[in-house]
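Below, each chain spelled out in residue letters.
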Amino acid sequence: MLQRSYQLSDRQWLYMTVSRAGGATVPTVYRYYLTGHLLGTDDEIIQQLSAGQPVIEGTGSVSEARVDKNGDIDMTYSGKILSLNGSFTDVRLKIKQ
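Residues numbered from 1 in each chain as written. Predicted model: local features only at pLDDT ≥ 70, side-chain atom pairs only at ≥ 80, totals over all residues. Heavy atoms only, no water.

A. The arrangement of the overall build of the protein in detail. Scanning the protein from terminus to terminus reveals one helix and seven strands. Walking the protein from its N terminus toward its C terminus, one meets helices and strands in the order β-β-β-α-β-β-β-β. The globule rule puts the C-alpha radius of gyration for 97 residues at 13 Å, and the 14 Å found for the protein is close to it. Dimensions of the protein along its principal axes, counting C-alpha atoms only, are 45 × 40 × 20 Å. Within the protein, the proportion of its 97 residues that are buried is 28%. (Helix = DSSP H or I, 4+ residues; strand = E, 2+ residues; numbered from the N terminus. Rg over C-alpha atoms; globule rule 2.2 N^0.38 Å. Buried < 20%, exposed > 50% of the residue type's maximum accessible area, 1.4 Å probe, protein only.)

What follows is the structure in structure tokens.
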């Protein structure tokens with residue numbers, strides 16, 4: 001299910017989907033996708049997103065996302081990360097135990 005979409009710049013959008021398919025014993029999983037603007041119904045947008053990979057998949061949330069003056073994407077995520085996908089030149093993580 002498409003939960004939210006955020007316009008980060010003229011060409012960059014952050015889309016968030018949620019999966020609660022596991023029932024009571026499996027945590028809710030959120031997927032965050034970075035892509036251009038997608039058109040269509042929520043179901044059509046989810047279909048377009050599912051053709052790619054989410055940048056972050058996990059049980060946490062993004063509290064801030066923006067494109068900086070160099071065109072780099074700054075995201076603040078907190079929570080458990082299940083997967084991190086993409087080609088990155090620099091990823092900053094703060095590990096809390």
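B. How the structure looks around the sheet that holds strand 2 (residues 13-19). An order of 1-2-3-4-7 is seen for the five strands of this open sheet, with the pairing classed as antiparallel. A single partner strand is all that each edge strand has here, and the edge strands are strand 1 (2-7) and strand 7 (81-84). In this sheet, neighbouring strand axes are inclined to one another by 15 degrees on average, regardless of whether the strands run parallel or antiparallel. As defined by bridge partners, strand 4 (residues 56-58) adjoins strand 7 across three bridges and the pair is classed as antiparallel. Looking at strand 7, one finds that G58 is bridged to I81. (Pairing = 2+ DSSP bridges. Axes fitted to C-alpha atoms, helices over the stretch in contact; angles between N-to-C directions.)

C. Structural context of the pairing of strand 3 (residues 29-35). Relative to strand 3, strand 2 runs antiparallel, the two being bridged by seven bridges. Bridge assignment links L14 to a residue of strand 3, and that residue is L34.

D. Layout of the packing of aromatic side chains. Under the definition given, this model contains two aromatic pairs. Where W13 meets Y15, the ring centres are 6.1 Å apart and the plane angle is 20 degrees; that geometry is what we call stacked. Neither residue differs from the other here; W13 and Y15 are each classed as buried. On the basis of an interplanar angle of 85 degrees and a centroid distance of 6.0 Å, the ring pair of Y32 and Y77 is categorised as edge-to-face. Separated by 45 residues along the polypeptide, Y32 in strand 3 and Y77 in strand 6 (residues 73-78) bring together distant segments of the chain. Exposure class is identical for Y32 and Y77. Each is buried. (Phe/Tyr/Trp six-rings, centres within 6.5 Å; stacked < 30°, edge-to-face > 60°.)

E. Representation of the nonpolar core within the structure. Core analysis: the biggest nonpolar cluster contains 10 residues, these being L8, L14, M16, V18, Y30, Y32, V55, I56, V62 and Y77. Elements with a minimum of two residues in this core: strand 2 and strand 3. The leading source of residues in this core is strand 2, at three residues. Dropping the residues within four chain positions of it, L14 is found in contact with R4, S5, Y6, L8, Y32, Y33, L34, V62, A65 and M75. Core analysis: the second largest hydrophobic core is formed by seven residues, Y15, Y33, L38 and I45 among them. (Core = buried A, V, L, I, M, F, W, Y, C linked by side-chain atoms within 4.5 Å. Contact = heavy atoms within 4.5 Å.)

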